[in-house]
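Observations on the model geometry
Here's the letter readout for the chains.
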Amino acid sequence: MSENVIYEKSEDFALQIVRLYKHLMFEKKEFILSKQILRSGTSVGANVSEAYYAQSNADYIHKYSIALKEANETKYWIKLLVKAGYLLEPEIQEIYEELIQIIKILTSIILTLKNKKKKSIVSAVMD
């Protein structure tokens, strides 16, 4: 269930990031940080998408871990853009809250996959 939710959320988030990028480029005339947030923000969904074709449990964990890393990087860029005065907290609040939800879901998926892996290792050793 979470995997379908995270796929949809990360895709919607990527679209929000693209719109934010356009806003930063054309309205705020910010050309450097906007590219950073575009790369990391859209990479979340790309890595979630890649996880659907993972070849093993370890590969799933790896893909989701990269997505989580990119989500945390995006959080950094959002905070920096606010502190630099390119964005106001109220205008970015919705996208920031969505990002926090994505981080929580990815963290939950990764922990669940790691626990399944540990259980299967313990089961194999005990048999």
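The rules behind these values
- Residues numbered from 1 in each chain as written.
- Predicted model: local features only at pLDDT ≥ 70, side-chain atom pairs only at ≥ 80, totals over all residues.
- Heavy atoms only, no water.
- Helix = DSSP H or I, 4+ residues; strand = E, 2+ residues; numbered from the N terminus.
- Buried < 20%, exposed > 50% of the residue type's maximum accessible area, 1.4 Å probe, protein only.
- Areas by Shrake-Rupley, 256 points an atom, 1.4 Å probe, with all protein chains shown as cover.
- 1 Å grid on protein atoms, 1.4 Å probe; cavity = no way out; pocket = protein on both sides within 12 Å on 5 of 7 lines; lining within 4 Å.
- Points joined across faces, edges and corners; volume = space filled by probe spheres on them.
- Nonpolar A, V, L, I, M, F, W, Y, C, P; charged D, E, K, R; others polar.

Glancing now at the overall build of the protein. Each helix and strand counted, the protein has four helices and zero strands in total. Reading the protein from its N terminus to its C terminus gives the helix and strand order α-α-α-α. Out of the 127 residues belonging to the protein, those deemed buried represent 38%. Total accessible area on the protein stands at roughly 7800 Å², and carbon and sulfur atoms take up 56% of it.

This part is about the layout of surface pockets. The calculated volume of the largest pocket comes to roughly 170 Å³. Lining the largest pocket, in full, are Gln 16, Arg 19, Leu 20, His 23, Leu 87, Glu 91, Ile 92, Glu 94 and Ile 95. Among the elements of the structure, α1 (2-27) and α4 (89-126) are those that each provide at least two residues to the lining of the largest pocket. Considered class by class, the residues forming the lining of the largest pocket number four nonpolar, two polar and three charged.

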